[in-house]
Amino acid sequence: MTCSPFLLGGVISQHLQTWGSQYPELIKEFRDGLYIDDLMTGGKNAEIIAEKKIITAEVFKDASFTIHKWNSNVPDLEAISSSPCEEGLTYAKQQLGGAKPSEGKLLGVPRNREEDVTSIILQIAHRNN
Amino acid sequence: MNHPTLPTNEAGSKRRLEQQIRKLERNGHYEEYDSIIQEQLEEGVVEPTPDIATGKEFYIPHKGVNRENAESTKLRIVYDASAREKENQPSLNDRLNPGPPLQNRLWDILVRSRFYPVLLTGDLKASLQVRIKNKGEIRSASIGDLQTVATPLSYVLLELFLE
C-alpha cells in the first residue's frame, strides 16, 4: 500500500526514540543508516562492531524486528549470530550454491565484498525531441 | 474532498478471485493457498465479514506470489491495493495518504558506508503489522474453506502487512 513505507518508517522512528536516552550515539547512527528496512552501520574495528551488533539486535528485537542477512567486510562478524536459525538458513543456502559469499548486496545495491566494490548502474534517459 | 468516491470494488475482486482460484487449481497450489488463509484466521489476521454489508466496504483482490528460491515462505498472499473497479475509477492506493517520505536518501547512506573501516549491514525482518481498529471497511474476497467458487467468503483484513 502506498502508506506502508510511511507507517513502517514512523513505527521504527518512534521505537528508536524510546531507546534514545540509553544509547544516544547508536540511535543517531541507526537513524542515519536505515533505508526502509535495511540497516547500515560500522566502526573502527571488529571488536567494537561485534558489541554493536549485539546491542543492535537487542534494540530491534524489543520492537519484534529480527535482523537477518548480516553482511560485513569482516567475515567473522557475520558468524556472531543473534538468531542462529536465520544464519543457519543462510549458511545452508550458501552451501547449496544459492548465493556466492563474495556477491552480496549493500542496501539492495550489488556489492562485491572481496574486491570491496559497490556498483551502481545509472540509466540515462534519452529525451525524444 | 473534491474527488470521486472509492467504489466497493466488489465485482472486480470477485472476478479476480475466480481467475485466481482457476490458476491455483491449475498449478496445484490451491490447498497451500487455502491453508495460509486458514492460518490467518487462527492467528486473527483476518476474520469472516459480518453477513450484512454496511455499504462502506472496499474489497481488495489478492493473488499468490510464488518465490521458488525463497528461504522460508515460498507462497505468499499479496493484496493488490492498486486494483480499480473500472479504468476511470480510483484505487484504494489512489485514496490513501502516503504520508511524507521518511526514508533516508540511499545515496547518502552508500557514501557514508565508505567511511567505516568495518562495515556491518543487516535486513530488518519487517514482521511488523498494524492492527486496524475501525474494522469492517476493508475486505478481501477470499476462498475460505469452501471448495466451490460459487460462494466465495470474504474476510475482513485486521492487519496490514508492511512490506
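Residues numbered from 1 in each chain as written. Chains lettered and ligands numbered in written order. Predicted model: local features only at pLDDT ≥ 70, side-chain atom pairs only at ≥ 80, totals over all residues.

## Quick word on the overall build of chain A
Formally: Helix and strand definitions here come from DSSP, where helices need a minimum of 4 consecutive H or I residues and strands a minimum of 2 consecutive E residues; each element is numbered from the N-terminal end. Exposed residues have 12 or fewer other C-beta atoms within 10 Å of their own C-beta, buried residues have 20 or more, and residues in between are partly exposed; the C-beta atoms are placed from the backbone. By definition, residues are in contact whenever their C-beta atoms, placed on the basis of the backbone, come within 7 Å of each other.
Helices and strands together make up the secondary structure of chain A, namely five helices and six strands. Split into buried and exposed, the 129 residues of chain A put 23% on the buried side. Long-range pairs, those at least 24 residues apart, make up 37% of the contacts in chain A with a sequence separation of at least 6.

## Points about the nonpolar core
Nonpolar side chains tend to gather and get buried jointly when the protein is soluble and globular. Our working rule: Only buried residues count toward a nonpolar core: Ala, Val, Leu, Ile, Met, Phe, Trp, Tyr and Cys, linked into one set through C-beta atoms within 7 Å.
Residues L39(A), F60(A), I67(A) and L124(B) are the most contacted members of the largest nonpolar core, which totals 19 residues. Those elements that place two or more of their residues in this core are helix 1 (4-19), strand 2 (38-43), helix 3 (46-61) and strand 3 (66-72) of chain A together with strand 5 (118-125) of chain B.

## Quick notes on the interface of chain A and chain B
This is how the line gets drawn: Residue polarity is assigned by list, with Asp, Glu, Lys and Arg as charged and Ala, Val, Leu, Ile, Met, Phe, Trp, Tyr, Cys and Pro as nonpolar; anything else, Gly included, falls into the polar class.
Listed as interface residues are 49 residues of chain A and, on the opposing side, 33 residues of chain B. Those elements giving two or more residues to the side of chain A that touches chain B turn out to be helix 1, helix 2 (24-33), strand 1 (34-35), strand 2, helix 3, strand 3 and helix 5 (84-95) of chain A. Per-element accounting of the side of chain A that touches chain B gives the leading share, nine residues, to helix 1 of chain A. The residue makeup of the side of chain A that touches chain B, split by class, is 24 nonpolar, 18 polar and seven charged.

## Here we look at unusual backbone geometry
The bulk of non-glycine residues show a negative phi, and the bulk of peptide bonds are trans. Residues and elements named next belong to chain A. Residues other than glycine seldom take positive phi values, yet S64 does so here, at roughly 65°. Positionally, S64 belongs in the loop between helix 3 and strand 3. The backbone phi angle of K69 is positive, close to 50°, even though this residue is not glycine.

## Observations regarding helix 1 (residues 10-27) of chain B
Residues and elements named next belong to chain B. Where we set the bar: One less than the residue count of a helix, multiplied by 1.5 Å, gives the span that helix is expected to have. As used here, the arc belongs to the directions running from the helix axis to the C-beta atoms.
Compared with the 26 Å implied by 1.5 Å per residue over 18 residues, the 26 Å span of helix 1 between its first and last C-alpha is a close match. Those residues of helix 1 lying buried are S13, L17 and Q20. Seen from one end, helix 1 has its buried residues packed into an arc of 70°, which puts them on one side. Opposite its buried face, helix 1 presents the exposed residues Q19, R22 and R26, each directed more than 90 degrees away. At the exit of helix 1 stands G28, carrying a positive phi of roughly 75°.

## Thoughts on the environment of K14(B)
One can find K14(B) in helix 1. With 46 residues separating them along the chain, K14(B) and I60(B) place their C-alpha atoms 9.4 Å apart.

## Details of the sheet that holds strand 3 of chain A
Let me state the cut-off plainly: Any two strands between which DSSP finds at least two bridges are classified as paired. To obtain each axis, a line is fitted to C-alpha atoms, and for helices this fit is confined to the stretch in contact; angles are then taken between N-to-C directions over 0 to 180 degrees.
With respect to topology, four strands assemble into an open sheet ordered 1(A)-2(A)-5(B)-3(A), the strand pairing being antiparallel. Edge strands, defined here as strands with exactly one partner in the open sheet, are strand 1 and strand 3 of chain A. Sheet analysis places strand 3 of chain A next to strand 5 of chain B, joined by five bridges and oriented antiparallel. Across the sheet, T66(A) pairs through a bridge with K125(B), a residue of strand 5 of chain B. The strands touched by helix 4 (residues 106-113) of chain B within the sheet are strand 1 and strand 2 of chain A together with strand 5 of chain B, with strand 2 of chain A carrying the most contacts at an inclination of about 25°.

## Observations concerning the environment of P61(B)
All names here are of chain B. With respect to the helices and strands, P61 occurs in the loop between strand 2 (58-59) and strand 3 (62-66). Here P61 falls in the buried class, since 21 other C-beta atoms lie within 10 Å of it. Sequence separation between P61 and G12 is 49 residues; the distance between their C-alpha atoms is 7.8 Å.

## Details of the confidence of the model for chain A
The criterion, for reference: A residue's pLDDT is the confidence the predictor assigns to it, expressed on a 0 to 100 scale.
The predicted model of chain A averages 77 in pLDDT, with 78% of residues at 70 or higher. At the low end of the mean pLDDT range in chain A sits helix 5 of chain A, at 44; at the high end sits helix 2 of chain A, at 93.

## Some remarks on the pairing of strand 5 (residues 109-112) of chain A
The pairing of strand 5 of chain A with strand 6 (residues 117-118) of chain A spans two bridges and is classified as antiparallel. Residue pairing in the sheet places N112(A) in a bridge with V117(A) of strand 6 of chain A.

## Quick look at helix 3 of chain A
Residues lying three or four places apart along an α-helix face the same way, a consequence of the helix completing one turn every 3.6 residues. Residue and element names in this part refer to chain A. Its 16 residues place the ends of helix 3 22 Å apart at the C-alpha level, agreeing with the 22 Å of an ideal helix rising 1.5 Å per residue. Listed in full, the buried residues belonging to helix 3 are I49, K53, T56, V59 and F60. End-on, the buried residues of helix 3 take up no more than an arc of 135°, which puts them together on one face. Of the exposed residues in helix 3, the ones pointing more than 90 degrees away from its buried face are E47, E51, I54 and E58.

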